[in-house]
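Results of the structural survey
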Amino acid sequence: MSYHYGDHLVICDRCGFRYRRSQVKKEWTGFMVCAKCFDVKHPQLDLKVRGDKVGVKDPRPDASSELTATSAYSSWEGPTV
Ligand SMILES: [Zn+2]
């Protein structure tokens, strides 16, 4: 192994083995890794996800509606014993 200018020894961030600088690449994680340890970024990590739609805040029944004005539960007196 002869010395080449700028081709110093580096340690692979994943396996810990020693390589020449020309033998390691920077991964998407920011690690400097050897060819054996290099992981391609999965495309699913770049998905753009839309957030959930926010519903109506503090909903209230419509007081003018016939269904809410005379509800079946409003005339209920409870169980007879
Ligand atoms: Zn490695």
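Structural data are supplied above this passage.
All values reported here derive from a predicted model rather than from experimental measurement.

1. What about the overall build of the chain?
A count of helical and extended segments in the chain gives one helix and four strands. Its helices and strands in sequence order give the chain the pattern β-β-β-β-α, from N to C terminus. Summarising the internal contacts of the chain: among those between residues at least 6 apart in sequence, 2% fall at separations of at least 24.

2. Section: the environment of Phe31
Here Phe31 lies in the loop between strand S3 (24-26) and strand S4 (32-34). The spacing of Phe31 and Cys12 is 19 residues in sequence and 8.1 Å in space, taken between C-alpha atoms. Those residues in contact with Phe31 that lie beyond four places of it in its chain are Asp13 and Arg14.

The rules behind these values
Residues numbered from 1 in each chain as written. Predicted model: local features only at pLDDT ≥ 70, side-chain atom pairs only at ≥ 80, totals over all residues. Helix = DSSP H or I, 4+ residues; strand = E, 2+ residues; numbered from the N terminus. Contact = placed C-beta atoms within 7 Å.

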